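# Reading the structure
Now for the letters of each chain:
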Amino acid sequence: MSFPTYFEAFDAKQMLADYPVGEEFVSRYTAMSRDELHAIQDAQFKRLMKRGWEIPFYQRLWGEKGIEPGDIGGLPDIARLPVYDKSDLMASVNEHPPYGDFDGRGKGADSDPVVFHTTSGTTGRPQPLMFGPKGREVTNLLVGRMYRWMGLTGDDVIQSVYGHGMINGGHYIREAVTHFTNALFLSAGTGIETRSVNQVNLMADFGVTVMVGFVDYVRKLAEVAEAEKLFDRIKLRMIIGHLGTEDRASTEDAWHGAKAYDWYGVGDTGSIAGEGPDRNGLYVWEDAQYLELLDVDTGAPVAAGETGDMVVTCLFKDDIAPCIRFNTHDVTEELTGANDTGMVFKRISGFKGRSDNMVKLRGINIFPHAIGALIENRADLTGEYVCRVTRDESGKDHMCVVMESRGGTDEGEIGEILKRGLGIEVDIDMVGVGDTAKDTQIDVRQKPIRLIDERKI
């Protein structure tokens, strides 16, 4: 039986022409106008819609809204399409096990190679993730060219602390670096895959200059490196992670001045946006991703500078698993004003929290992730915390922020800081170093748990 191999299933040269890397990337998108960019997006979107109509999930999703093929003429009509989120995908899996009816693979001899992973299960049961060769390599390319634009070179040695197993993260980042950069890559994984003490010794032994991963664990490794007295041998110059709302200064200080860079993406979409060399907002990769910011409650577009849910359409994923108006439920805002790089792309401020992980207390919306920024840069705190939300017998809700202290912390002072920052009074519980790890699961999860909602709602 004849079928194409992975690299025969798509045109790699055409992909590099469509999505340039390195100097060509910079020169193209600093010279391009918004109108030219829109024309590229519109052409991609039309191809994507044609493929979308071949997928049962979209046939059902759009058909239920009375939309028929031909109703969506191009990108200006995208708002007529319904959004969907992980709950819709998991409902599809339950109704069409085990892969759901968004599985766009061919059958038998018509089946192209596929890359299969799952999400980490941070917000529930892991979700199937499928990538065709073209979709997979473009997601890899977007990370590789982002790293290079940030300043990664062939002289660098990268240590990745993203997890492996069934989850996508570690595999995807390894492919991105090995396929689209010439840096040396160490696939260390999480603290479960490679113990934290071994991680910092790897950094010293192999001359690691760049670390990539989730910043919570990256900061923990700095404490381990200090305890092991390895900083005279570690020469880390760059950290590329997910800073969220937290101040990067504490992460940089922990690693003795290494520069920290932020980026954003989810398993379904790959990289959506990332900082450039200016570190002034995250540039949306608009040649590949169409990003809408929609009001959390109404679903209407929000103005620049206002926060909204990130709804993403992957313009390039027209093979196995199209992604058309996926609501990540991650919240951000579009930045205004000119950028220093001359890039045509829009910028966002980065991840501010999850709208489906938002807590409403006494009429005020609270994003647990925002607490990180409020307690940064304090020598008495480790920066680790978890929020517990409970409801008393009278029906009143309470939130207690459990945070780690190295000693000498004034709970009253911290309470006032959180009250000013969150707009509401919360309880404080100080615990010792490492005592939140059981609840946050920082050693075993890609993304630590920051909210435990014990209300029966």
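Residues numbered from 1 in each chain as written. Predicted model: local features only at pLDDT ≥ 70, side-chain atom pairs only at ≥ 80, totals over all residues. Heavy atoms only, no water.

## Quick notes on the state of the cysteines
- Evaluation of the coordinates by the stated rule reveals zero disulfides.
- Cysteine cysteine 314 is unpaired, with the sulfur of cysteine 323 as its nearest cysteine sulfur at 3.9 Å.
- Given a relative accessible area of 0%, cysteine 314 falls into the buried group.
- The structure places no disulfide on cysteine 400, whose sulfur is separated from the nearest cysteine sulfur, that of cysteine 387, by 8.8 Å. (Disulfide = S-S within 2.5 Å. Buried < 20%, exposed > 50% of the residue type's maximum accessible area, 1.4 Å probe, protein only.)

## Regarding the packing of aromatic side chains
- All told, the structure shown has 21 aromatic pairs when counted by the stated rule.
- Between tyrosine 58 and tryptophan 62, the aromatic rings sit 4.9 Å apart at their centres with planes inclined by 35 degrees, giving tilted as the arrangement. Of the two residues, tyrosine 58 and tryptophan 62 are both situated in helix α4 (residues 56-63); the distance of four residues between them amounts to about one turn of the helix. As far as burial versus exposure is concerned, tyrosine 58 and tryptophan 62 are alike and both buried.
- Their ring planes at 70 degrees and their centres at 6.3 Å tell us that tryptophan 149 and tryptophan 285 sit as a pair that is edge-to-face. Within this pair, whereas tryptophan 149 is found in helix α6 (residues 133-150), its partner tryptophan 285 is found in the loop between β9 (282-284) and β10 (289-294), the two being separated by 136 residues in sequence.
- On the basis of relative accessible area, tryptophan 149 is assigned to the buried category, the value being 12%.
- Here tryptophan 285 falls in the buried class, since its relative accessible area comes to 0%.
- Over the ring of tyrosine 99 we find arginine 105, and its NZ or CZ is 4.8 Å from the ring centre. (Phe/Tyr/Trp six-rings, centres within 6.5 Å; stacked < 30°, edge-to-face > 60°. Helix = DSSP H or I, 4+ residues; strand = E, 2+ residues; numbered from the N terminus. Lys NZ or Arg CZ within 6 Å of the ring centre and 35° of its normal.)

Geometric values such as these leave the question of function open.
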